[in-house]
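Listed here are the chains, written in short residue letters.
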Amino acid sequence: MSIVKINVLTVPAEQRELLEQRFAARAGSVESSDGFEWFELLRPVEGTDEYLVYTRWRDEESYKAWMEGSMRQAHQGGGEGAPKQRPAATGSTLWSFDVVQQAAPKQD
């Protein structure tokens, strides 16, 4: 079954809009990766300053290939000579899970 990676990003209130804009600007960059299944950016509603970046992959190898390939390139800024962007998050933790059960809405 699939694997899930959740990146927990600590984002100060004044950086939230910037973080969301950056994710919107990268739309489409992960979707064509081999083994990619799902992405969601989850904004906190109350009680925390942590965003959750949820991705689902066919297997660990697919995730690692993306991390070492297009993700690494995307996070290096605008390429050689481009100004380095300051991170919107002040902290990051990666959670990893195996999907052991799943359900979808029933079709009528």
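Because the structure is a prediction, the values reported are computed rather than measured.

(A) Structural detail: the overall build of the protein. A tally of regular secondary structure across the protein gives three helices and four strands. Seen in sequence order, the protein has helices and strands lined up from the N terminus as β-α-β-β-α-α-β.

(B) Region of the structure containing the sheet that holds strand β2 (residues 36-42). With antiparallel pairing, four strands are arranged side by side in an open sheet as β2-β3-β1-β4. For this open sheet the edge positions go to β2 and β4 (91-98), each flanked by a neighbour on one side alone. Here the strands of the sheet are splayed against their neighbours by 15 degrees on average, with no regard to which way each runs. Note that strand β1 (residues 3-10) and strand β3 (residues 50-57) share eight bridges and pair antiparallel. For T10, the partnering residue across the bridge sits in β3 and is E50. Helix α1 (residues 16-25) contacts β1, β2 and β3 of the sheet and is inclined by roughly 20 degrees relative to β3. Relative to the sheet, helix α2 (residues 60-68) contacts β1, β3 and β4, its axis offset from that of β1 by approximately 40 degrees.

(C) Expanded view of the side chain of K5. Here K5 lies in strand β1. On the accessibility criterion, K5 (5% relative accessible area) is buried. A polar contact is formed between the side chain of K5 and the side chain of E60, at a distance of 3.1 Å. There is a polar contact of 2.8 Å between the side chain of K5 and the side chain of S96.

(D) Spotlight on the pattern of salt bridges. For the coordinates displayed, the defined rule picks out six salt bridges. A salt bridge links K5 to E60; the shortest N-O distance between them is 3.1 Å. Taken together, the residues K5 in strand β1 and E60 in helix α2 connect sequence positions 55 residues apart. Judged by relative accessible area, E60 falls into the partly exposed class, the value being 26%. Close ionic contact of E20 with R43 constitutes a salt bridge, the shortest N to O distance being 2.7 Å. Of this pair, E20 sits in helix α1 while R43 sits in the loop between β2 and β3, and the two are 23 residues apart along the sequence. The class for E20 is partly exposed, based on a relative accessible area of 24%.

Here is what the cut-offs are and how they apply
Here the residue numbers are simple positions, counted from 1 along each chain's written sequence. Reporting of local features is limited, given that this is a predicted model, to residues whose pLDDT is at least 70; pairs of side-chain atoms are given and counted only at 80 or more, and all residues count toward the totals for whole chains, interfaces and linings. With hydrogens and water stripped out, all remaining heavy atoms of the structure feed into the side-chain values. Helix and strand definitions follow DSSP, with helices as H or I runs of at least four residues and strands as E runs of at least two, each counted in order from the N terminus. Strands qualify as paired when DSSP identifies two bridges or more between them. To obtain each axis, a line is fitted to C-alpha atoms, and for helices this fit is confined to the stretch in contact; angles are then taken between N-to-C directions over 0 to 180 degrees. Note on contacts: a residue pair is in contact if any heavy atoms of the two residues lie within 4.5 Å. For the exposure calls, accessible area comes from a 1.4 Å probe over protein chains only, and a residue counts as buried if that area is under 20% of its type's maximum, exposed if over 50%, partly exposed in between. Any N or O atom pair separated by 3.5 Å or less is treated as a polar contact, with the protein-specific requirement of one donor-capable and one acceptor-capable atom, and with residues adjacent in sequence counted only for side-chain atom pairs. Only one rule defines a salt bridge in this text: a Lys or Arg side-chain nitrogen within 4 Å of an Asp or Glu carboxyl oxygen.

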